[in-house]
Amino acid sequence: MLSRYMVGAVAARTGDEMSGPALLVTGLAVTGSPVTASWLLAGLTVSAAVGGPLLGVLLDRVRRPGRALAWCLAGYAGGLLLVVHALGRVPAGAVIAVAVATGLLGPALTGGWTAQLPLAAGGPERLARANALDSMSYNVAGLAGPAVVGVVAAMSGGMTATLVCVALLTAALPIAWTLPAHERPERGTPRLGASVLDSGGRGTSIRGELAEGFGAIVRNRALRRATAGSMVSCCGLAMLVVSAPVLAAELTGEAGHGALLLAVTAACGLAANALMARRDRPWDVVLGWATAVLGVGMALAALAGSFWIAVVAAAVAGAGEGPQLTALFAVRHREAPARLRSQVFTTGASLKITSFALGSAVSGPLAAYSAGWALLAGAALQAAALAVLAPWRR
């Protein structure tokens, strides 16, 4: 079951990583407006903060969460098709509204899928290895997604890139449909907005379960620190992503070489996670040290005087970013209550996406002034995240 889970996870997450760049390229090609194209991308990501917690409630409630994930995949793919079909035919505001609605389902492809890992891992003793492999799927998607968009868009245009993205999402749909069921037959599949009877016989509303999900994160010290620290770190990571093409342009005169820096980061993250897959580890400690390594890589990039030093810095950053994600997932799997696991994962994913969007917005003006200053700001945020994670030393 784990191998099928991984195939579906790689397909869904590669499609997710492709969706933003594909919409950006398509929007720019069809409308000729960078503003409209950027708003499409922003609309697709900003609504995740709302959609994540609600999706988590749904996935925790239903008997067969995989089938709910399959419907989310279908909705996300359908929304992308509707956006590209409507571009140039209806007012831009309406198209952006469709992108916002589509983005509500985005956390299902990340945290919602990962929350089902204990059901597919084949036992608690296999969860550590399965968690590292699952984290690697994010690295593979982050490496392949933008690259595929670039190649396909260069050969056939942004519309074809979007269709490839939809094809990957569709390929993951039957795998999601067959993911294992929760061992809680009494919970059923209620309508959204309805009340259900929990194991104690009390009515639980959607609002009550949302409060429970947020409370599980806030009250649990390890979850609270990991969530807050990952949010701060992700805000800083956005500054690396935004600054990479600017840094490459400053060092080589070619902004396109920034994609190489990001590819090196993703590849080194993948390699580091491959090493992490061998055995269980003290994940709180790994989370802290990985954040520190990520910060060192960003600081080194800020001070790089040549492109090859920037490549080394990108490799160091990836060596921290990959294990950081594995450690974060491991802490969530360990600490999240079983009946609230999907909420914890989708809410955490939503908060990270929102933090990344905030970091991107702030880093744009900084990078325009100096890529070095933007990268130093990102390194400072990694230091702040490390301060939040300070008890990892225990």
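Check the entry above for the structure.
Residues numbered from 1 in each chain as written. Predicted model: local features only at pLDDT ≥ 70, side-chain atom pairs only at ≥ 80, totals over all residues. Heavy atoms only, no water.

## Remarks on the side chain of Arg-13
- Relative to the assigned elements, Arg-13 resides in helix α1 (residues 2–31).
- Residue Arg-13 is classed as buried on the basis of its relative accessible area of 2%.
- Once residues lying within four places of it in the same chain are set aside, the contact partners of Arg-13 are Tyr-5, Leu-109, Thr-110, Trp-113, Thr-114, Asp-134, Ser-137, Tyr-138 and Ala-141. (Helix = DSSP H or I, 4+ residues; strand = E, 2+ residues; numbered from the N terminus. Buried < 20%, exposed > 50% of the residue type's maximum accessible area, 1.4 Å probe, protein only. Contact = heavy atoms within 4.5 Å.)

## Points about helix α16 (residues 371–388)
- Taking 1.5 Å per residue as the helical rise, α16 with its 18 residues ought to reach 26 Å, and the 26 Å between its terminal C-alpha atoms agrees with that figure.
- Inspection of α16 places Ala-371, Gly-372, Ala-374, Leu-375, Gly-378, Ala-379, Gln-382 and Ala-385 among the buried residues, and these make up the whole buried set. Seen along its axis, α16 keeps its buried residues to an arc of 165 degrees; they face one direction. Exposed and facing more than 90 degrees away from the buried side of α16 are Trp-373 and Ala-387.
- Buried-residue contacts for α16 involve α11 (221–252), α13 (283–302), α14 (307–335) and α15 (341–369).
- One side-chain oxygen of the residue at the start of α16 lies 3.3 Å from the amide nitrogen of Gly-372, identifying that residue as Ser-370. (Expected span 1.5 Å × (residues − 1). Arc of directions from axis to C-beta. Polar contact = N/O pair within 3.5 Å; in protein donor to acceptor, adjacent residues only side chain to side chain.)

## Brief notes about the nonpolar core
- In this structure, Tyr-5, Leu-73, Leu-80, Trp-113 and Leu-169 are the most contacted members of the largest nonpolar core, which totals 48 residues.
- When residues of this core are traced back to their parent elements, those giving at least two are α1, α2 (34–46), α3 (48–61), α4 (65–86), α5 (92–103), α7 (117–120), α8 (127–156) and α9 (158–177).
- Of the residues forming this core, the biggest block, eleven residues, is contributed by α4.
- Formed by 21 residues, the second largest nonpolar core is a distinct cluster that contains Val-264, Phe-307, Ala-313 and Ala-379. (Core = buried A, V, L, I, M, F, W, Y, C linked by side-chain atoms within 4.5 Å.)

## Concerning the pattern of salt bridges
- In the structure shown here, the tally under the stated rule is three salt bridges.
- We note a salt bridge from Arg-334 to Asp-284, for which the minimum N-O separation is 2.8 Å. Here Arg-334 is found in helix α14, whereas its partner Asp-284 is found in helix α13, with 50 residues between them in sequence.
- Judged by its relative accessible area of 41%, Arg-334 is partly exposed.
- With its nearest N and O atoms 2.7 Å apart, the salt bridge here joins Glu-335 to Arg-334.
- On the basis of relative accessible area, Glu-335 is assigned to the partly exposed category, the value being 24%.
- Here the salt bridges share partners, and the residues they tie into one network are Asp-284, Arg-334 and Glu-335. (Salt bridge = Lys/Arg side-chain N within 4 Å of Asp/Glu carboxyl O.)

## Brief notes about α14
- Relative to the 42 Å expected for 29 residues at 1.5 Å per residue, α14 spans 42 Å between its end C-alpha atoms, a close match to the ideal helical length.
- Of all 29 residues in α14, 21 are buried, a share of seventy percent or more.

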